[in-house]
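Breakdown of the fold
Here is how the chains run, residue by residue.
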Amino acid sequence: MSNNIISSTRRCSLPEEIKLDALAIAAHRDDTEIVSGGTLIKLVDLGYSVGILDLTAGESGTRGDATTRAEEARCAAGAMGLKYRHNLELPDAGLYDTQENALKVAEIIRLTRPELVILPYWIQRHPDHAAASLIGYRGCFLSGLIKMPLIGNAHRPRKIIYSTSFQDVEHSFAIDITKQFERKKQAVACYKTQFEEKQGVREVYPPARDIFDYMEIRARQYGYMISATYAECFFQREKFSFDDPLKIPGISI
Ligand SMILES: [Zn+2]
């Protein structure tokens, strides 16, 4: 793992400047791993420089504490081959789409200059997850405005995609993560305080659902849609455009 994985305990230090190809933004440590971890690993496998920005430290979570979860996040970053991980330490269970929070995200966008940003879908059960989507989008937008009171040069990611795995919404496309699925499970398994094998501990919403069973079932379902074994799903707001209609990607009719 790179030294660029930043400890959340270094709160007052200026976040590191590093050029990334892709950055995933989420409310809590483990959110990204569960919904789009396979895709991040695939990007790493393709040779891209990939990172995660966690917005909160998880201090309000039922299980574990912020220090333990920081160690678990480092473990997961190593399992995924990330070049960068930073935590903004915004209030857990109190995340709101404010200008102040968006500017903090915009600062990270300028310091990491990603071309691709992955956000949670904006309709969510957990209010922090929905807020993370809005804060992430606003942060990406503000980062591109030259006159914003921010460090660094203006930068706006070329593309934002939204994680829609586990959401019963229309997906724009699916990514085949068959070769990455085992490593995705290893990354999620780093979060021992959240998902280790004790009765009741591995459960996630909906109640009495084991996280690893749930990931398996959903990834198989999404894989089936594209003739792969495992996949993750995403939404993009913009329409696709193709120069050659005979070469539109995807499975045949
Ligand atoms: Zn979460």
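Now for a description of the structure that goes with this document. Just so you know, these numbers come straight off a predicted model, no measurement behind them.

**Looking at the sheet that holds strand β1 (residues 22-26)**
Taken together, the seven strands give an open sheet; going across it, the order is β3-β2-β1-β4-β5-β9-β6, and neighbouring strands pair in mixed fashion. In the strand order of this sheet, the two ends are held by β3 (84-90) and β6 (173-176), each with one partner. The mean inter-strand angle of the sheet, taken between neighbouring strand axes irrespective of direction, is 30 degrees. With two bridges joining them, strand β5 (residues 159-163) and strand β9 (residues 231-235) adopt antiparallel strand pairing. Pairing of S163 across the sheet is with F234, part of β9. Packing of helix α1 (residues 31-45) onto the sheet brings it into contact with β1, β2 (50-56), β3, β4 (116-120), β5, β6 and β9, and relative to β9 it is tilted by some 100 degrees.

**Regarding the coordination of the zinc ion**
Protein-derived coordination of the zinc ion comes from H28 (ND1), D31 (OD), D31 (OD) and H129 (NE2), at a distance range of 2.1 to 2.7 Å. Bound by four donor atoms, the zinc ion shows angles of 52 to 118 degrees at the metal and therefore irregular coordination geometry. Considered as a linear motif, the donors of the zinc ion on their single chain read H-x2-D-x97-H. Classification of D31 by relative accessible area gives buried; the value is 13%.

Cut-offs applied
- Residues numbered from 1 in each chain as written.
- Predicted model: local features only at pLDDT ≥ 70, side-chain atom pairs only at ≥ 80, totals over all residues.
- Heavy atoms only, no water.
- Pairing = 2+ DSSP bridges.
- Helix = DSSP H or I, 4+ residues; strand = E, 2+ residues; numbered from the N terminus.
- Axes fitted to C-alpha atoms, helices over the stretch in contact; angles between N-to-C directions.
- Contact = heavy atoms within 4.5 Å.
- Donors = N, O, S within 2.8 Å, 3.2 Å for Na, K, Ca; no water.
- Tetrahedral: all angles 85-135°; square planar, octahedral: opposite > 155°, others 65-115°.
- Buried < 20%, exposed > 50% of the residue type's maximum accessible area, 1.4 Å probe, protein only.

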